[in-house]
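Summary of structural features
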Amino acid sequence: MEKMFYLLSALLIASLQALTAQQPDATQLMDRSRDLTMSGNLQSTITLTITEKNGATRTRVVNMVSKTYGDTEKRMMKFLDPADVRGTAMLIIDNKEGQDDMWIYLPALRRTRRIVSTEKGKSFMSSEFTNADMASGANSDFNIRHMPESGENGIWVIESVPVNDDVADEYGFSRKVTWLEKQGLKIRKIDFYNFDGDLFKTIEILKTQPKTGGGEGYIMTEMYAKNHLNGRTSRVLFDELNTSASIPDNTFIADNLAR
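What comes next is a walk through the structure. Keep in mind that this is a model prediction, so the values were computed, not measured. (Residues numbered from 1 in each chain as written. Predicted model: local features only at pLDDT ≥ 70, side-chain atom pairs only at ≥ 80, totals over all residues. Heavy atoms only, no water.)

1. A few points about the environment of K176
With respect to the helices and strands, the residue K176 is situated in strand β9 (residues 175-181). On the basis of relative accessibility, which here comes to 11%, the residue K176 falls in the buried class. In this structure the C-alpha to C-alpha distance between K176 and T202, which are 26 residues apart in sequence, comes to 9.4 Å. Beyond its immediate sequence surroundings of up to four residues, K176 is in contact with I158, E159, S160, I190, D191 and F192. (Helix = DSSP H or I, 4+ residues; strand = E, 2+ residues; numbered from the N terminus. Buried < 20%, exposed > 50% of the residue type's maximum accessible area, 1.4 Å probe, protein only. Contact = heavy atoms within 4.5 Å.)

Right under this line is the structure:
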């Protein structure tokens, strides 16, 4: 009986090792997935709708332009409506490796300031998205691994845990779990867990469209965030997409936020 127990245990361990060996590297999958979302030249109108638990809604309308430079994507967002946020602008330098850089212009103060790392986990314009959600984040900030169910039903399920407490505080979560389609590596959804280990937010990618020109990759055109603790939701909808816009390189400098 004892020999049978050890034999079964050895077979189970061997099976698990074989399964793990068949899985592609989780970090490489996340890197590749990030690359596929690089938009190239893009100009769009964005509608951000924030819905309270009681059903009350607020809407922000944003003009966004973005441009890809190798492994870096730069985005300029300027708020058009409503009146209380009109003129607010953000510049995001989304780096594949190293820290992302962010600046914000607040018209009431008539000044531009840098968004420091401790603010990246804070709400983006009072929505359930955060400033950090506006960029991809460097995978080097996380320990990345497959979850046990990864690979089932055509989905890679990948956990990303901040490498230390400072990084966790910066992003505002203890870990996240990303669902990637095996075919095409599109992001389905991302679950975020707080510092008590509870699921507190889910971001779903509801709609995408292929990049123009026949290249690989896609553009996320509708995203939905739900806070499971307070019942609030936020939806981002891209409209009037122009993927052939001519965007000058000097668009993406902090001095232009106030213009």
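Structure shown, so let's carry the discussion forward.
2. Considering the environment of T88
Assignment of secondary structure puts T88 in the loop between β3 (72-81) and β4 (89-95). Sequence separation of T88 and I205 is 117 residues, and the distance between their C-alpha atoms is 26 Å. Not counting chain neighbours up to four residues away, the residues in contact with T88 comprise M77, K78, F79, I104, Y105, L106, P107 and M125.

3. Regarding the packing of aromatic side chains
Taken as a whole and assessed by the stated rule, the structure comprises five aromatic pairs. For the pair F79 and F124, a centre-to-centre distance of 6.0 Å together with 45° between the ring planes defines the contact as tilted. Here the residue F79 occupies a position in strand β3, and F124 occupies one in the loop between β6 (111-114) and β7 (142-146), the gap between them amounting to 45 residues. An identical accessibility class is assigned to F79 and F124; each is buried. Taking 5.8 Å as the distance between ring centres and 50° as the angle between the ring planes, the aromatic pair formed by Y171 and F173 counts as tilted. The class of Y171 is buried, set by a relative accessible area of 10%. Residue F173 is classed as buried on the basis of its relative accessible area, which comes to 5%. (Phe/Tyr/Trp six-rings, centres within 6.5 Å; stacked < 30°, edge-to-face > 60°.)

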